[in-house]
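Single-letter residue listing:
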Amino acid sequence: MFSTLPIPIIQAPMAGGVSTPELAAAVSNAGGLGFLAGGYKTAEAMRKEIHKLRTLTDRPFGVNVFVPGDKTVDEEAVERYRVALAAEAERLGASVGEPKWEDDDWEAKLDVLLRERVPVVSFTFGCPDKEVIAALQKAGSFVIVTVTAVEEAEMAAEAGANALCVQGEEAGGHRASFGNDPEQDEALELFPLLARVRAAIRVPLAAAGGIMDGRGIAAALKAGASAVQLGTAFLRCPESGAHPLHKQALADPRFVETAVTRAFTGRPARGLVNRFMAEYRALAPAAYPHVHHMTKPLRAASAKAGDPEGMSLWAGTGYRLARELPAAELVEELKRELEEAWQA
């Protein structure tokens, strides 16, 4: 699959409304691989987005889904966090959401992917069973599993994945780790991780994490990747569904750094450091999707109030290099920069 791409660029699947059919189509039409994000939506909503995307492109595209995690959480820690969030909710005139576990419509989404024969399917937060991967491959899908450690890469290769997306700690948004154990939060930067996975696994690799320009793409390809996945680089594109305040924050001088936090969702995720992250980062339990549901009304209320300090402003470490360009133009710029880097 990667070798057939005119340009070895994958637009990362960014859940929460960022990865629109328009964005995915623009990237695929420009020669890259556009992606839809199945996370946080129903299987029916995902199906409709697939149908919409197919009216906008006849090129290959991908769909990403979340693998359900462990139902078991520290209920007392969740309750303590709920109490801590109550003052935030009162300030916003909102209510803390109900902490609950759900599987993100997992089985129904698998059915949709099989029926729709999606060209590329990727998984985050775990590796599905061999049988699931084999069924998707039989339906014609190229299956990618996102990994953050060599052990995860070995599991995914053993399960039959066609390729792996190797995610370094520089990546914006959720860390794709299979588990959610605070004792195992240490993560590797992209290039050391890519080298280790490349030495252990003989399947094609896509590199993800902090890459924003052609020089970064060239470096990842030279390091053994067959393609490079970029997310933050596409956030400011007009086709991106990111909230306008999120797009503005990427260029706002008051946001000076990124950090990894569980404050918004209960899983480690990298974003711009704002007031909410600073105040609640140390309090948030490892409870996903419980914390996501708790903070969702608060994040929405902050956005409605025009206050980015209470929003989840996901961004990778290279966020200052995000360009406000139509997605097709951005892909062309990246291609030009890549060619220059190869010639240097």
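Scroll up to find the structure.
Residues numbered from 1 in each chain as written. Predicted model: local features only at pLDDT ≥ 70, side-chain atom pairs only at ≥ 80, totals over all residues. Heavy atoms only, no water.

## Regarding unusual backbone geometry
Omega for the bond connecting Tyr 288 with Pro 289 falls within 30 degrees of zero, at 5°, which places this linkage in the cis form. On the secondary structure map, Pro 289 appears in the loop between helix H10 (275-280) and helix H11 (290-304). Even without glycine at this site, Asp 105 takes up a positive phi of about 60°. Structurally, the position occupied by Asp 105 is in the loop between helix H3 (75-92) and helix H4 (106-116). In the Ramachandran plot, Arg 117 falls in the positive-phi region, its phi being about 50° despite a non-glycine side chain. In this fold, Arg 117 is placed in the loop between H4 and strand E4 (120-124). (Helix = DSSP H or I, 4+ residues; strand = E, 2+ residues; numbered from the N terminus.)

## Some points on the sheet that holds strand E1 (residues 9-11)
With parallel pairing, the eight strands of this open sheet are ordered in space as E1-E9-E8-E6-E5-E4-E3-E2. Two strands bound the open sheet, and with one partner strand each, they are E1 and strand E2 (34-37). Averaged over all adjacent pairs, the angle separating strand axes in this sheet is 25°, with direction ignored. (Pairing = 2+ DSSP bridges. Axes fitted to C-alpha atoms, helices over the stretch in contact; angles between N-to-C directions.)

## Some remarks on the side chain of His 292
Secondary-structure assignment places His 292 in helix H11. Non-local contacts of His 292, meaning those with residues more than four positions away in its chain, are made with Tyr 40, Phe 264, Thr 265 and Arg 299. (Contact = heavy atoms within 4.5 Å.)

## Observations regarding the pattern of salt bridges
Side-chain pairs of opposite charge can arise where the charged atoms are in close proximity. Tallying each qualifying case throughout the model produces 19 salt bridges. Where Glu 309 meets Arg 254, a salt bridge forms, and the shortest distance between an N and an O atom there is 3.2 Å. Of this pair, Glu 309 sits in the loop between H11 and helix H12 (327-343) while Arg 254 sits in the loop between helix H9 (244-249) and strand E10 (258-261); the two residues are 55 residues apart in sequence, bridging distant segments of the chain. According to the relative accessible area criterion, Arg 254 is partly exposed, its value standing at 47%. Glu 337 is the partner of Arg 323 in a salt bridge, and the nearest nitrogen-oxygen pair spans 2.6 Å. Note that Arg 323 is positioned in the loop between H11 and H12 and Glu 337 in helix H12, a separation of 14 residues in sequence. When salt bridges that share partners are traced, they join Glu 88, Arg 91, Arg 275 and Glu 279 into one network. (Salt bridge = Lys/Arg side-chain N within 4 Å of Asp/Glu carboxyl O. Buried < 20%, exposed > 50% of the residue type's maximum accessible area, 1.4 Å probe, protein only.)

## Thoughts on helix H2 (residues 43-56)
In a regular helix each residue adds 1.5 Å, so 14 residues correspond to 20 Å; H2 covers 20 Å between its end C-alpha atoms and thus fits that length. When H2 is considered as a whole, its buried residues turn out to be Ala 43, Met 46, Glu 49, Ile 50 and Leu 53. Buried residues of H2 fall within an arc of 115° about the axis and therefore sit on the same side. H2 presents Lys 48 and Thr 55 as exposed residues on the side facing more than 90 degrees away from its buried surface. If you follow the buried residues of H2, they end up packed against helix H1 (21-29), E2, strand E3 (61-66) and H4. (Expected span 1.5 Å × (residues − 1). Arc of directions from axis to C-beta.)

Purely geometric numbers; function is a separate question.
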